[in-house]
Amino acid sequence: MTSTQQLIGSDPGWIIALKGLIVFIVCVVATLLCVWGERRIVSFMQQRVGPNRVGKFGLLQSLADGVKLALKEDLIPKTADRIVFVIAPIISATTCFMSFAVIPLTGHVRFFGHQTVMQLTDLPVGVLYVLAVASVGVYGIVLAGWSSGSTYPLLGGLRSSAQVISYEVAMGLSLVAVFIYSGSMSTADIVAAQHHWWFAVVLFPSFVIYAISMVGETNRAPFDLAEAEGELVGGFHTEYSSLKFALFFLAEYVNIVAVSSLATTLFLGGYHALPGLGFTESWLGGWFTIVWFFLKVIGFFFVFVWLRGTLPRMRYDQFMKFGWKVLIPVSLAWIMVVSTLRVMSQRNEGKIVITSFTVGVVLVVLAISSLFESAKNRREREDALGEVAAPSFPVPEIPQPRAEQLHG
Amino acid sequence: MAEFDTPENLEPTSELAPVSELGLAKASEESTPIADQSPSGFFKQLLGFWVTFATMFKKPNTVQYPEVKAPTEERFHGRHQLNRHPDGLEKCIGCELCAWACPADAILVEGANNTPENQVSPGERYGAVYQINYLRCIFCGLCIEACPTRALTMTNEYELADNDRGKLIFEKEDLLAPLRAGMLMPPHPMYPGADDGTYYRGEVPGSHPSQSPEANAHA
């Protein structure tokens, strides 16, 4: 029982209900702003101006779009499985909101006279809960693709689920190092453990793996194969219209905010101020920490948009290869190193042992990467040769020096 | 054929020579970077992020259209216009060459005879009915090339959208150029002493007092 858990446990019911409402509102408003922000930022990256008509700077554009969507005709295809077709977007949208329950938005604050933190609940296995809820969210995508009774949605749904599941493995593995270092799976404890050093610095490889897999997990560019317009029309939501489509739209953006918030919480010190600005944390009776939290989330969001504006979409097989053959093995190896170092420091091993272990790891990494490099060069050489040396008509033997070059 | 070269040597340098003789040298030079398919380094690839980031601070190309209207090119093909001679008589002689030239069959012309009481254009004939259907027009300008009297030209006006198909068939009144200074609203007699050739050669300076309705009423 940590202090945060005690604080949250002592909340009266109406404060819990109020917090739940606030979480919901924050998510919806964040979605509206995110859609607008993304369109504007991508526009500027493409030397356009984007939506600037509805409201000041076009801020109300996504609201107008939402109203338009809601007023549109709601179609259910004849071949669709009606019940599942309706349930799927609901699953998708609700699970995204649920993961927000364990994200700490502020430090200790006074909320209507009660000392508390802006966090709906603090589970001892909070991060696992987020992963579990995200996995349930995949059902929304799979079921939507399957129940549409159409080819493109089915393929899109399959891609999406394969993608989310495989990147969730890498994501889960990248979090293991965080658990090892903070000694807890509760989000509040993890934030507290980053009081001195952010885990993004201490566990940099984990941070990179998480950052990559969170883009894959949210089906965003350059990993948005599930809705590759050129191949799959709209992917799993091709057959959806009106409010149901709006729910998927909402789910996508809430999901982005959710994974960004989780990344902020786990790697960037959550609601803590930037290093050297710790004095700001007590401003406004502690409420100022929410500004830090959302600044970091916005930073992540900007990177999401930046990726979309810069990178072309990956090919499906490349993407899966990258997830299973690069991210997961690297994660596993990194966990081994981190846990070994952790055990060493807990046993108070001498500096020499730790240093020699580190040097050993670095050497092994260098050796393996150079092996990969030479294998790659060799393969490229052979490929280049193969292209030239395989005409369909009879050709003379390969001259001797060339054969040596080819076979070592 | 007997010798195998390394891929680099197999670059078709010798074959490129005739291409450059054909004046295509520039094109082949430009295509060279695309032919380079060697994998670029990790940091080289990251340069792309700088491109998008730096573009954010460039001035957008967008024109805020309804409020700001960028001028068209001088010879932009916009709405048609039926021109007038300097004294106000119409240049159109109702020959229908524009209608015949039109590949989209967008133009309808019906000619009629000029009479001394009803002189609309110099010479024998004038365009009594003149319609352009902007639902069909493809703005190719062949009608303008076909017109023997430069009666039909194109303006730079491009805001032709409407909410009714009927409104997009432009009548003669919609297409006629406005009366400028010194012009009189036809029908009125031709310039004294001038014939259609004089008009055609542009020797009519403007309207003459004898052409005005008042002068004709007295007569």
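Residues numbered from 1 in each chain as written. Chains lettered and ligands numbered in written order. Predicted model: local features only at pLDDT ≥ 70, side-chain atom pairs only at ≥ 80, totals over all residues.

This part is about the overall build of chain A. The number of helices and strands found in chain A is 15 helices and two strands. In terms of overall dimensions, chain A has a C-alpha envelope of 90 × 70 × 40 Å along the principal axes. The buried share among the 408 residues of chain A stands at 39%. (Helix = DSSP H or I, 4+ residues; strand = E, 2+ residues; numbered from the N terminus. Buried ≥ 20, exposed ≤ 12 C-beta atoms within 10 Å, placed from the backbone.)

This brings us to the pairing of strand S1 (residues 108-111) of chain A. All names here are of chain A. As paired strands, S1 and strand S2 (residues 114-117) are joined by four bridges and run antiparallel to one another. For His108, the partnering residue across the bridge sits in S2 and is Val117. Between the end of S1 and the start of S2, which pair antiparallel, lie two residues, with Phe112 showing a positive phi angle near 50°. (Pairing = 2+ DSSP bridges.)

Bringing unusual backbone geometry into the picture now. Residues and elements named next belong to chain B. The omega torsion of the bond from Pro186 to Pro187 falls at 5°, within 30 degrees of zero and hence cis. One can find Pro187 in the loop between helix H7 (172-175) and helix H8 (196-200). With phi around 55°, Asp105 is a residue other than glycine that occupies positive phi space. Classification of Asp105 by C-beta neighbours within 10 Å gives exposed; the count is 11. At Phe139, a residue that is not glycine, the phi angle is positive and equals roughly 55°. Locating Phe139 in the fold gives a position in the loop between strand S3 (125-133) and helix H6 (142-146). Judged by local crowding, Phe139 falls into the partly exposed class, with 16 C-beta atoms found within 10 Å.

A word on helix H13 (residues 316-346) of chain A. Helical periodicity: at 3.6 residues per turn, an α-helix aligns residues three or four positions apart in one direction. All names here are of chain A. For H13, built from 31 residues, the straight-helix expectation of 45 Å at 1.5 Å per residue is met to within 8% by its first-to-last C-alpha distance of 43 Å. Taking the largest bend as the criterion, H13 deviates by roughly 30°, centred on Phe322. When H13 is considered as a whole, its buried residues turn out to be Phe319, Gly323, Leu327, Ile328, Ser331 and Trp334. Residues of H13 that are buried make contact with helix H6 (151-182) and helix H9 (204-217). The positive-phi residue at the C-terminal boundary of H13 is Asn348, with phi of around 55°. (Expected span 1.5 Å × (residues − 1). Bend = angle between axes of the 7 residues up to and from the residue. Contact = placed C-beta atoms within 7 Å.)

This next bit is on the packing of helix H3 (residues 61-71) of chain A against helix H11 (residues 242-267) of chain A. All names here are of chain A. For the pair H3 and H11, the least separation of the axes is 6 Å and the interaxial angle reads 140°. With respect to H11, the element H3 is oriented oblique. Across the interface between the two elements, Gly66, Leu69 and Ala70 from H3 touch Ser242, Leu243, Phe245 and Ala246 from H11. When the residues that make up the contact of H3 with H11 are grouped by side-chain class, the tally is five nonpolar, two polar and no charged. (Axes fitted to C-alpha atoms, helices over the stretch in contact; angles between N-to-C directions. Parallel < 35°, antiparallel > 145°, perpendicular 65-115°, else oblique. Nonpolar A, V, L, I, M, F, W, Y, C, P; charged D, E, K, R; others polar.)

Here we come to the packing of helix H12 (residues 289-310) of chain A against helix H4 (residues 42-55) of chain B. Closest axis-to-axis distance for the H12(A)/H4(B) pair is 9 Å, and the angle between their directions is 105°. By the criterion of interaxial angle, the relationship of H12(A) to H4(B) is roughly perpendicular. Contacts from A:Trp306, A:Gly309 and A:Thr310 in H12(A) reach B:Gly48, B:Phe49, B:Thr52 and B:Phe53 in H4(B). Per-class residue counts for the contact of H12(A) with H4(B) are three nonpolar, four polar and no charged.

Within the fold, B:Glu203 resides in the loop between H8 and helix H9 (213-218). The spacing of B:Glu203 and B:Leu179 is 24 residues in sequence and 19 Å in space, taken between C-alpha atoms.

All names here are of chain B. Looking at chain B as a whole, the pLDDT averages 82, with 80% of positions reaching at least 70. This model gives residues 1-20 a pLDDT under 50, and the stretch forms 16 contacts once residues within four places in sequence are excluded. For this predicted complex, the interface confidence reaches an ipTM of 0.72, while the overall pTM sits at 0.74. (pLDDT = per-residue confidence, 0-100.)

All names here are of chain B. Overall, antiparallel pairing links the three strands, which are arranged S2-S3-S5 in an open sheet. Two strands bound the open sheet, and with one partner strand each, they are strand S2 (107-113) and strand S5 (169-170). Looking at chain direction, S3 and S5 are connected through two bridges and run antiparallel. Along S5, the bridge assignment pairs Ile132 with Phe170.

What follows deals with the environment of B:Arg75. Along the chain, B:Arg75 falls in the loop between H4 and strand S1 (80-82). Spatially, the C-alpha atom of B:Arg75 lies 8.4 Å from that of B:Met154, the residues being 79 residues apart in sequence.

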